[in-house]
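Notes for the structure review
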Amino acid sequence: MNLRTWVVAAVCCTITAVLVYAMMPPKSGSLFQQSISFFLYPGVGLYILLNGSLLFGSGFGDVGNFLIIGVGSALAWSIVILFVMRGLPWLCHIYKRVH
């Protein structure tokens, strides 16, 4: 159950990351683009850690940047989804026992 849930979440998050990454322009975009960019924050954090800097690092090329930012974000969000999917039934069970 856990592995299957995580794999499905990882695939869905990877598809979402591909779409969000493709919609990010080099310049400041619309309100919609700015509002969906939060999905890439974990990958940007990983990029900063691996590159040493967001402004002065050389980067990893177009494909490398996508792999680090896009796939890194997708994996981070899929773990969050896994914890939520495992935690909600547990919280419901605890709530029913208390009330």
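Now for a description of the structure that goes with this document. Keep in mind that what you see is a predicted model, and the values were worked out from it rather than measured.

**Details of the nonpolar core**
Formed by Cys-13, Ala-17, Val-20, Ile-36, Phe-39, Leu-40, Tyr-47, Ile-68, Ile-69 and Ala-74, the largest nonpolar core amounts to ten residues. Of all the secondary structure elements, the ones that give two or more residues to this core are helix 1 (2-23) and helix 4 (61-98). Apart from the residues within four sequence positions on either side, Ile-68 is in contact with Gly-43, Leu-46, Tyr-47, Leu-50, Phe-60 and Ser-73.

**Some points on helix 3 (residues 41-51)**
Restricting attention to buried positions, one finds in helix 3 the residues Gly-43, Tyr-47 and Asn-51. Angularly, the buried residues of helix 3 cover 60° about the axis, an arc narrow enough to put them on a single face. Those residues of helix 3 that are exposed and aimed more than 90 degrees away from the buried face are Tyr-41 and Leu-49. Looking at the buried residues of helix 3, the elements they touch are helix 4.

**Comments concerning helix 1**
A rise of 1.5 Å per residue sets the reference length of helix 1, with its 22 residues, at 32 Å; its end C-alpha atoms lie 31 Å apart and thus fit the reference within 8%. Considered for burial, the residues of helix 1 that qualify are Thr-5, Ala-9, Ala-10, Cys-13, Ala-17 and Val-20. On an axial view of helix 1, the arc spanned by its buried residues comes to 125°, and they lie on one face. Turned more than 90 degrees off the buried face of helix 1, the exposed positions are Arg-4, Leu-19 and Ala-22.

**Let's talk about the packing of aromatic side chains**
Tallying each qualifying case throughout the model produces four aromatic pairs. With 6.1 Å between their ring centres and 90° between their planes, Phe-38 and Trp-77 make a pair best called edge-to-face. Of this pair, Phe-38 sits in the loop between helix 2 (31-36) and helix 3 while Trp-77 is found in helix 4, placing the two residues 39 residues apart along the sequence. Geometrically, the ring pair formed by Phe-39 and Trp-77 is stacked, given 5.9 Å between the ring centres and 10° between the ring planes. Taken together, the residues Phe-39 in the loop between helix 2 and helix 3 and Trp-77 in helix 4 connect sequence positions 38 residues apart. Given a relative accessible area of 11%, Phe-39 falls into the buried group. Three or more aromatic residues joined by ring pairs form one cluster here, namely Phe-38, Phe-39 and Trp-77.

**Focus: the side chain of Asn-65**
Looking at the element boundaries, Asn-65 is found in helix 4. One polar contact links the side chain of Asn-65 to the main-chain amide nitrogen of Phe-60, over a distance of 3.1 Å. When sequence neighbours within four positions are dropped, the list of residues in contact with Asn-65 reads Tyr-21, Tyr-47, Gly-59, Phe-60 and Gly-70.

**Section: the packing of helix 3 against helix 4**
One way to put it is that helix 3 packs onto helix 4 with a least axis distance of 7 Å and a crossing angle of 130°. Put simply, helix 3 runs oblique to helix 4. Note that helix 3 runs across helix 4; the crossing there is right-handed. Taken together, the residues of helix 4 that come into contact with helix 3 (itself represented by Tyr-41, Pro-42, Gly-43, Val-44, Leu-46, Tyr-47 and Leu-50) are Asn-65, Ile-68, Ile-69, Gly-72, Ser-73, Ala-76 and Trp-77. Across the contact of helix 3 with helix 4, the residue classes tally to ten nonpolar, four polar and no charged.

Rules of the game
Residues numbered from 1 in each chain as written. Predicted model: local features only at pLDDT ≥ 70, side-chain atom pairs only at ≥ 80, totals over all residues. Heavy atoms only, no water. Core = buried A, V, L, I, M, F, W, Y, C linked by side-chain atoms within 4.5 Å. Buried < 20%, exposed > 50% of the residue type's maximum accessible area, 1.4 Å probe, protein only. Helix = DSSP H or I, 4+ residues; strand = E, 2+ residues; numbered from the N terminus. Contact = heavy atoms within 4.5 Å. Arc of directions from axis to C-beta. Expected span 1.5 Å × (residues − 1). Phe/Tyr/Trp six-rings, centres within 6.5 Å; stacked < 30°, edge-to-face > 60°. Polar contact = N/O pair within 3.5 Å; in protein donor to acceptor, adjacent residues only side chain to side chain. Axes fitted to C-alpha atoms, helices over the stretch in contact; angles between N-to-C directions. Parallel < 35°, antiparallel > 145°, perpendicular 65-115°, else oblique. Left-handed = near helix turned anticlockwise from the far one by under 90°. Nonpolar A, V, L, I, M, F, W, Y, C, P; charged D, E, K, R; others polar.

Read these as geometric descriptors, not functional statements.
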